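If you want the building blocks of each chain, they are given just below.
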4 protein chains.
Amino acid sequence: MASSVASKTFLAAPRTDGSLGSLLPDLRRQLPSPNVQILIRSRTPKKLQVKAAGSAFGTYFRVTTFGESHGGGVGCIIDGCPPRIPLSEADMQVDLDRRRPGQSRITTPRKETDTCKIYSGVSEGVTTGTPIHVFVPNTDQRGHDYSEMSVAYRPSHADATYDMKYGVRSVQGGGRSSARETIGRVAPGAVAKKILKQFAGTEILAYVSQAHNVVLPEDVVDHEMLTLDQVESNIVRCPDPEYAEKMIAAIDAVRVRGDSVGGVVTCIVRNCPRGLGSPVFDKLEAELAKAMMSLPATKGFEVGSGFAGTFLTGSEHNDEFYTDEFGNIRTRTNRSGGIQGGISNGEIINMRIAFKPTSTIGVSLISLPLSIKTNSHVGTTLPIVMYSLCFILLLWICSKPSFALLVLLPTR
Amino acid sequence: MASSVASKTFLAAPRTDGSLGSLLPDLRRQLPSPNVQILIRSRTPKKLQVKAAGSAFGTYFRVTTFGESHGGGVGCIIDGCPPRIPLSEADMQVDLDRRRPGQSRITTPRKETDTCKIYSGVSEGVTTGTPIHVFVPNTDQRGHDYSEMSVAYRPSHADATYDMKYGVRSVQGGGRSSARETIGRVAPGAVAKKILKQFAGTEILAYVSQAHNVVLPEDVVDHEMLTLDQVESNIVRCPDPEYAEKMIAAIDAVRVRGDSVGGVVTCIVRNCPRGLGSPVFDKLEAELAKAMMSLPATKGFEVGSGFAGTFLTGSEHNDEFYTDEFGNIRTRTNRSGGIQGGISNGEIINMRIAFKPTSTIGVSLISLPLSIKTNSHVGTTLPIVMYSLCFILLLWICSKPSFALLVLLPTR
Amino acid sequence: MASSVASKTFLAAPRTDGSLGSLLPDLRRQLPSPNVQILIRSRTPKKLQVKAAGSAFGTYFRVTTFGESHGGGVGCIIDGCPPRIPLSEADMQVDLDRRRPGQSRITTPRKETDTCKIYSGVSEGVTTGTPIHVFVPNTDQRGHDYSEMSVAYRPSHADATYDMKYGVRSVQGGGRSSARETIGRVAPGAVAKKILKQFAGTEILAYVSQAHNVVLPEDVVDHEMLTLDQVESNIVRCPDPEYAEKMIAAIDAVRVRGDSVGGVVTCIVRNCPRGLGSPVFDKLEAELAKAMMSLPATKGFEVGSGFAGTFLTGSEHNDEFYTDEFGNIRTRTNRSGGIQGGISNGEIINMRIAFKPTSTIGVSLISLPLSIKTNSHVGTTLPIVMYSLCFILLLWICSKPSFALLVLLPTR
Amino acid sequence: MASSVASKTFLAAPRTDGSLGSLLPDLRRQLPSPNVQILIRSRTPKKLQVKAAGSAFGTYFRVTTFGESHGGGVGCIIDGCPPRIPLSEADMQVDLDRRRPGQSRITTPRKETDTCKIYSGVSEGVTTGTPIHVFVPNTDQRGHDYSEMSVAYRPSHADATYDMKYGVRSVQGGGRSSARETIGRVAPGAVAKKILKQFAGTEILAYVSQAHNVVLPEDVVDHEMLTLDQVESNIVRCPDPEYAEKMIAAIDAVRVRGDSVGGVVTCIVRNCPRGLGSPVFDKLEAELAKAMMSLPATKGFEVGSGFAGTFLTGSEHNDEFYTDEFGNIRTRTNRSGGIQGGISNGEIINMRIAFKPTSTIGVSLISLPLSIKTNSHVGTTLPIVMYSLCFILLLWICSKPSFALLVLLPTR
């Protein structure tokens, strides 16, 4: 197991300086001379430390998430949701339940559930066009033993960098890096999923295509025919039963020694509207990459041919156009992954996302039932994260208009 | 060579409808009944088609790019550049020259150069804090034969999706997807590079780590010691001379049959300030992924252990902390890639970006001298793109404050 | 009393169209021919109506408000609040109490209070740098009789335009235009007020300077010496006791016939940090004007000499510079209102904001005790709104850095 | 004439500190002890001064302006302009010519003109959907005598605050506050005007309704019938010939003593699409107020009944609804100014904007021919500014979708 060092050596102790948090004391000692001084009449320095806010996402359909794993609860505000969309807590709850850890068939189900409540933005069963406030109270606030955390930074976790940046080691501060934060993505994702399905017939599916050293061959899953039921048919959420068994065995082999594994999630978008994405900085693949890489524990992202495509030549890689039976222009192959020039072309978008092995390891994991958990201390499993992926993608698509038609209402 | 089909079948012809461009006529025929109608007094429909603008980037240090490969010129506006930074056209020109195609030692140098001019925002050799306007006129506007382009969509190029989205097939419209657009990134990148070097000692370097099937082993390049001179020492811009030769041979073998190759660029950030990146949606790796995947021809992105790390277990993957001789907390390994919990930790950031093989292939390439061109029709080589990468990263860092100290000036 | 017409004639009845809400049915009838049609495989139109989200404000210190007057509650998310600022519910409650209607000394106090609760972002009494979630449950949800509202649009209220835009006439939808929405501004305002006071010594005060036809002369209040206690010393919140009495009498005279009055609020900023505001589009006065004019019922905004200054000549209007006893450059007069060239200069910022008379009038008002209510149906009084003004201004200042110092943390 | 003091006493002299510009040296001397120190390996402080960028405006139809009155030129980038809109330089030139100073019939016309050139985004006479780059070279760069400016801050100008904020006294830096900056607004405004006229029949007109003490009575101009020709019929650009004469006389009386006057511009929007504006922070009147107050020299803004409306009672102020002959719901009066609840209702929007008297005064003005110049040193007249107003409003409307219909294109 990896060792770790105590907090005090990293960013010194007494945080009395209001401006640079815990960073300055240590640095100041090494300095021969002063060089930044601000004076006001009251002789107290006027310095206010500010950091970029990073909890909001989107423009039209804007989501702001809040909450820590061990505060009062987590949730989100959805601003800009179209009015008159039927919506209830049940729409979100089904996906929140999927996200929840401890769901393996052989697992004792957790008593507490992540029960969401909509406090505003919905009236008489339909959205009103005003901000939708979704809140999921934390019900499991006692148990965890964070005494170890208060002494040492856990390797490859966020607590060292969070402490350095915010000067806060409280559970609440670090709690934003917990997988529980993804509740704030699943809830709006459920709304986005519903809207996109209704208006564009768009479907998003994700499945585990690699767990540790078990790699699902590319041609096993037919992306045209894949269903959610196939994905949900086993606890590792790999649509192929044979490989699912292999993956479970591989994870179990590592789990019994208290260790964790990494893996890859494949995510597809079927019936993605054409024309999504803007040239230059806001290419669709760039937006998708940002969304995926903002999930905890991600280390890589590919679209279409990905890294494997770099071994091809241009003649091998190019997707040939043809006219299908309905007179539509299509491509015979899809190495572009449904995106050309940064803009969706109507073919299936396929992506692969790399998740590192869970950082939390150790003897405590041995006693856990098999649950394919990657981030077991926060309780999120790989396949559950895949739902966040779906929802984030839907959210993203919903926020980026392609062919927005400004309907200018007549004055009278 | 891949075939392609004529434009008219994809998105039909006469574009008489002002609202949905070329999209509607085709669709309308298939419809049994009307369902969206807007009326004004003048009886003309009030519908205005709008698409998201995607040419701006950043908040504090905001860059807006403009220009097409075959219009009057390309360039950018840099808004929010700090005042009193020494800056001249020479600062940008050196990097613009690196970006330019046709630079191989064995290549006849192109006569025309991408000569930039600063029209505003700089006075007496220093920035004034006002928008910096950089313009690079197009000087090579005649030659290209776009007659073929006017008939058929080129496979795996952007013209099909651009035509579908914008209903414009002119060279100018499509020209935003040309590699020449990256001039608008290199110029502000040069400013960002200078600022970051001056204020934080940050250095960014990139090199070709794979060309077609020649893969540079990971331990050959020492990221602590790598210099720009090493990278620039050969035309393929791989810092290891032996592998550089192999890459050149591999490219040449494909080039002589008129074909192109893909490859991978490795990019590192040394002395990256700690604390960059925000929790949740704006994690540093998410921002970097978006920046990299917005470059033309990219298909994949990895940071730290990347996809290879998914084969490890948690105990193999975790980066152990230790206290170095100066009392600083460091990590012994760097599988996190310099980023933990979405925030930079001061270790070297390393990324790998996959570039697909150039889409333009064919007999015309055979006659070209060896120049490692991936996108030969627009003249950008893989190593040149790598400079864009550096600059974009610098730009990105510059736009995202980590420890911004609001200095509230006394009233009197 | 003004009459009004039934809903059905304005925007027709059966809202079965998912795309344009209630707008289309009426328009469609008048149309001779179809012209916008979109078809998908399922033969259902793919049209999604989207409207700009307008509930968020600021960049660094970003506030998102939510909630309706008659849903589950109202509140806000504050993203980007600096860490380690002492904060408790009490800090906000005092200002929320001021905002609350029904506070006149001669008024029966309302039983229910607007009690706020912080659910995240604060731990052990200090902010953690994560989003602060403040929620104020609605406790008074039954009483109001909205039967009339369901039939006719109330004159000069928001219900006609809300119905037209959102196609929703529910109380929740319209509730975003209620003065109760300002709770979502007062809470973050209280945080901003605390931060600015602590770091910059900035103070913001507002008072009623006109109620109906009683106009407080300009030289009666000394802006250098004005205190909050003076403002709070009477129910009309005019710091001059004599004029306060006159205003109360004027309001009472109108109130007894069931009518309402308009008025003007003067707002000052003392010790405003110099350098706030950016040239061109984001001038400080432009930002302040937007903030003030986003409050319900505002019709006008002035800064410094305002409309009165247009009657002066340049020689009469110019503020002469001088050097004060401490060597600081000051202006002898302050017709610029503390802002020159869009940037604060350290002098007192003074603004005047016009509020129209409350739209809700009628016999029901007669029985109400004297309470200077302008928007009596939602219970907000003119002086209470002035606190929202203060807080909004503080919030604004906090979101717009002037001299942000990017402190680039050393890598090690 | 107002005196002024030398630069050096305000913000001290030798600007050797790269981080806080000219602000620190002076402050540092007064400090007893150090308190902010940052160290890097190279022992040079890592401090980078950053200020908010304020030169961009809008989201969908985003305009970025650049250039100073005395650099190479001024201009703008328009990103997000819909494709296939006919556009040429002539469309902009006519409005740029109106903006230009020195246009009075009795004035010697300036030789040089503000000649715009479109460098990108337009091809074969139509927009391509890519960024439109408009550039107006400065041709009159020699004449002005800025020697006085280099010594003393001019009263009520921007140079003191610009110097304080940016530490730059060069003409270029200060040049962003010059009225020449408004060229960057007129050009995109011309595009917006064309689009809105074409798609919504919207017209914007502005005229001078007060010059010094000559106030045009409210009922003289019929806003339903007002034409541009009426406005342009005299040099003061007041549509009523009688009052125009009075205004000219009033200005002339002041002008001959080398003084300047203030005034008020009334701006109306006819056929404004209904539904513009979003609840809470982005109410339409708030957006308009920001746009107007971002113009140089503005001190006040009113909409509808404005400040005068505060003297009314609710029963006098409310706009009664009625159903017109076409079955549309209208209001009999328009004290709301075309906006209710922050959303346009289709009635005429009317605004009044206060402009302070030109700060530049003195003997040099006496010799100028009559030209109604308020900001004579930059050459912009009151009526010319009114065009900027029109364009900004159009730009604003164009950037804020009301009923955007996301048309989700079928995949095939």
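Note that residues are indexed from 1 along each chain, following the sequence as it is written. Here every chain gets a letter starting at A, and every ligand a number starting at 1, in the order they are written. Per-residue local features of the predicted model are confined to residues with pLDDT of at least 70, and side-chain atom pairs are confined, for both listing and counting, to 80 or more; whole-chain, interface and lining totals are unaffected and use all residues. Where side-chain values are given, they derive from all heavy atoms of the structure, hydrogens and water being excluded.

**Some remarks on the overall build of chain A**
Piece 1. Segments assigned H or I by DSSP are reported as helices when at least four residues long, segments assigned E as strands when at least two residues long, and all are numbered from the N terminus. Along the backbone of chain A there are 12 helices and 20 strands.
Piece 2. Accessibility here uses a 1.4 Å probe with only protein chains present; expressed as a share of the type maximum, an area under 20% marks a residue as buried, one over 50% as exposed, and anything in between as partly exposed. Looking at chain A as a whole, 70% of its 412 residues are labelled buried.
Piece 3. Contacts between residues were defined by any pair of non-hydrogen atoms, one from each residue, lying within 4.5 Å. Taking as baseline every contact in chain A between residues at least 6 positions apart, the subset at least 24 positions apart corresponds to 70%.
Piece 4. The method behind every accessible area is Shrake-Rupley, applied with a 1.4 Å probe, and residues are considered shielded solely by the protein chains displayed. Split by element, the accessible area of chain A, about 12600 Å² in all, is 53% carbon and sulfur.

**Looking at the confidence of the model for chain A**
Close reading of the predicted structure is inappropriate where its pLDDT is low.
All names here are of chain A.
Piece 1. Values of pLDDT, which run from 0 to 100, indicate the predictor's confidence residue by residue. When the pLDDT values of chain A are averaged, the result is 73; 66% of them are 70 or greater.
Piece 2. By mean pLDDT, the top-scoring element of chain A is strand β12 (residues 298-303) (95), and the lowest-scoring one is helix α1 (residues 7-11) (29).
Piece 3. This stretch, residues 1-46, has a pLDDT under 50; its non-local contacts, to residues over four places away or in other chains, come to 130 contacts.
Piece 4. Across residues 363-384, confidence stays below pLDDT 50; counting only partners more than four residues off in sequence or on other chains, it has 73 contacts.
Piece 5. In the predicted complex, the global pTM is 0.84; the interface-specific ipTM is 0.83.

**Examining the pattern of salt bridges**
Piece 1. When a carboxyl oxygen of Asp or Glu is within 4 Å of a side-chain nitrogen of Lys or Arg, the pair counts as a salt bridge. Using the criterion set out here, one finds 49 salt bridges over all chains in the structure.
Piece 2. A salt bridge links Arg237(A) to Glu232(A); its shortest N-O distance comes to 3.2 Å.
Piece 3. The partner of Arg352(B) in a salt bridge is Glu302(B), and the shortest N-O contact between them spans 2.7 Å. With Arg352(B) in strand β17 (residues 349-355) and Glu302(B) in strand β12 (residues 298-303), this residue pair connects regions lying 50 residues apart in the sequence.
Piece 4. Arg352(B) sits in the partly exposed class, given a relative accessible area of 27%.
Piece 5. It is possible to trace a salt-bridge network through shared partners that takes in Lys197(A), Glu203(A) and Arg270(A).

**Quick notes on the sheet that holds strand β3 (residues 62-67) of chain B**
Residue and element names in this part refer to chain B.
Piece 1. The pairing criterion for strands is at least two bridges between them, as found by DSSP. Read across the sheet, 5 strands follow the order β2-β3-β4-β8-β5 without closing on themselves; strand pairing throughout is antiparallel. Strand pairing shows two members of the sheet lacking a second neighbour, β2 (56-57) and β5 (117-120), which therefore form its edges.
Piece 2. Both strand β4 (residues 73-79) and strand β8 (residues 132-137) contribute to a ladder of 6 bridges, which runs antiparallel. When the bridges of β8 are listed, Val74 appears paired with Val136.
Piece 3. The convention used is that axes are lines fitted to C-alpha atoms, helices contributing only their stretch in contact, and that angles between N-to-C directions extend from 0 to 180 degrees. Helix α6 (residues 183-200) contacts β3, β4 and β8 of the sheet and is inclined by roughly 35° relative to β4.

**What to know about the sheet that holds strand β4 (residues 73-79) of chain D**
Residues and elements named next belong to chain D.
Piece 1. Strand order in the open sheet formed by 5 strands is β2-β3-β4-β8-β5, with antiparallel pairing between adjacent strands. Looking at the sheet topology across the chains shown, the edges are occupied by β2 (56-57) and β5 (117-120).
Piece 2. As judged from the 3 bridges shared by β5 and strand β8 (residues 132-137), these two strands associate in the antiparallel manner. Bridge pairing links Ser120 to His133 in β8.
Piece 3. The strands touched by helix α6 (residues 183-200) are β3 (62-67), β4 and β8; relative to β4, the strand with the most contacts, the crossing angle is about 35°.

**Quick word on helix α4 (residues 159-166) of chain C**
An α-helical segment advances 3.6 residues per turn. Residues three or four places apart therefore align on the same side.
Residue and element names in this part refer to chain C.
Piece 1. Among the 8 residues that make up α4, 8 are buried, leaving the element largely enclosed by the rest of the structure.
Piece 2. Three or more residues of α4 are buried, namely Asp159, Ala160, Thr161, Tyr162, Asp163, Met164, Lys165 and Tyr166.
Piece 3. In the segment just after α4, Gly167 is the residue with positive phi, at about 65°.

**Side note on the pairing of strand β3 (residues 62-67) of chain C**
Residue and element names in this part refer to chain C.
Piece 1. The buried fraction of β3 is high, at 6 of 6 residues.
Piece 2. Neither face of β3 is left uncovered, since the one carrying Arg62, Thr64 and Phe66 and the one carrying Val63, Thr65 and Gly67 both have all their residues buried.
Piece 3. Two elements, strand β2 (residues 56-57) and β3, share 2 bridges in a ladder whose sense is antiparallel. Bridging from a neighbouring strand, Phe57 pairs with Val63 of β3.
Piece 4. Bridge count between β3 and strand β4 (residues 73-79): 6 bridges; the pairing is antiparallel. Pairing of Arg62 across the sheet is with Asp79, part of β4.
Piece 5. In sequence, β3 turns back onto β4 through a hairpin of 5 residues.

**Some points on unusual backbone geometry**
Residue and element names in this part refer to chain C.
Piece 1. Of note, the phi angle at Val280 is positive, near 70°, even though the residue is not glycine.
Piece 2. Along the polypeptide, Val280 turns up in the loop between β11 (263-270) and α9 (284-293).
Piece 3. Accessibility expressed as a relative area gives 1% for Val280, which makes it buried.

**Considering the packing of α9(C) against helix α9 (residues 284-293) of chain D**
For any two helices packed against each other, the geometry comes down to the angle between their axes and how far apart the axes lie.
Piece 1. Direction vectors running N to C along α9(C) and α9(D) enclose 165°, while the axes themselves pass 8 Å from each other. In this view, α9(C) runs roughly antiparallel relative to α9(D), as classed from their interaxial angle. In the packing of α9(C) onto α9(D), the handedness of the crossing is right-handed. Residue-level inspection shows Glu285(C), Ala286(C), Glu287(C), Ala289(C), Lys290(C) and Met293(C) of α9(C) in contact with α9(D), the latter providing Glu285(D), Ala286(D), Glu287(D), Ala289(D), Lys290(D) and Met293(D).
Piece 2. Of the residues belonging to the contact of α9(C) with α9(D), the class tally is 6 nonpolar, no polar and 6 charged. What sets the label is the angle itself: under 35 degrees gives roughly parallel, over 145 gives roughly antiparallel, 65 to 115 gives roughly perpendicular, and the rest give oblique. Put simply, a crossing is left-handed when the front helix is turned counterclockwise from the back one by less than a right angle, and right-handed when it is turned clockwise. Residue classes follow a fixed rule: Ala, Val, Leu, Ile, Met, Phe, Trp, Tyr, Cys and Pro count as nonpolar, while Asp, Glu, Lys and Arg count as charged, and any other residue, Gly among them, counts as polar.

**Details of the side chain of Arg270(C)**
All names here are of chain C.
Piece 1. Note on placement: Arg270 falls in strand β11.
Piece 2. Among the polar contacts listed, one links the side chain of Arg270 to the backbone oxygen of Glu224, at a separation of 3.1 Å.
Piece 3. Among all residues touching Arg270, those that are not within four sequence positions of it are Gly201, Thr202, Glu203, Leu205, His223, Glu224, Met225, Leu226 and Ile348. N or O atoms closer than or at 3.5 Å make up a polar contact, with two conditions inside protein: a donor-capable atom paired with an acceptor-capable one, and, for residues adjacent in sequence, both atoms drawn from side chains.

**Examining the environment of His212(D)**
Piece 1. If you trace the backbone, His212(D) turns up in the loop between β9 (203-211) and β10 (214-215).
Piece 2. His212(D) gets classed as buried once you look at its relative accessible area, which sits at 11%.
Piece 3. Each C-alpha atom, one on His212(D) and one on Gly201(D), is 34 Å from the other, the two residues being 11 residues apart in sequence.
Piece 4. Dropping the residues within four chain positions of it, His212(D) is found in contact with Thr310(C), Phe311(C), Leu312(C), Thr313(C), Val254(D), Val261(D), Gly262(D) and Gly263(D).
Piece 5. Polar side-chain contacts of His212(D) include one of 3.1 Å to the backbone oxygen of Phe311(C).

**A word on the packing of aromatic side chains**
Piece 1. Only Phe, Tyr and Trp rings take part, Trp by its six-membered ring, and two of them pair if their centres are within 6.5 Å. Stacked means planes under 30 degrees apart, edge-to-face means over 60, and tilted covers everything else. Inspection of every chain in the model, using the stated rule, returns 10 aromatic pairs over all chains.
Piece 2. Arranged with centres 6.1 Å apart and planes meeting at 20°, the rings of Phe66(C) and Phe135(C) form a pair that is stacked. With Phe66(C) in strand β3 and Phe135(C) in strand β8 (residues 132-137), the pair connects residues that are 69 residues apart, well separated along the chain.
Piece 3. Overall, the relative accessible area of 6% leaves Phe135(C) in the buried class.
Piece 4. An aromatic cluster of three or more residues is present, and its members are Phe66(A), Phe135(A) and Tyr119(C).
Piece 5. Looking at Lys117(C), its charged tip hangs above the ring of Tyr119(C), at a distance of 5.2 Å from the centre. Counting as a charge over the ring demands two things of the Lys NZ or Arg CZ atom: a distance within 6 Å of the ring centre and an angle within 35 degrees of the ring normal.

**Details of the environment of Phe199(A)**
Piece 1. Counting through the fold element by element, Phe199(A) comes out in helix α6 (residues 183-200).
Piece 2. Between the C-alpha atoms of Phe199(A) and Pro273(A), which are 74 residues apart in sequence, the distance is 9.9 Å.

**Comments concerning the state of the cysteines**
Here a disulfide denotes a covalent bond joining the sulfur atom of one cysteine to the sulfur atom of another.
Piece 1. Here, the term disulfide refers to a pair of cysteine sulfur atoms separated by no more than 2.5 Å. Applying the stated criterion across every chain, the model contains 0 disulfides over all chains.
Piece 2. Between Cys76(D), a free cysteine, and Cys116(D), which holds the nearest cysteine sulfur, the sulfur-to-sulfur gap is 9.1 Å.

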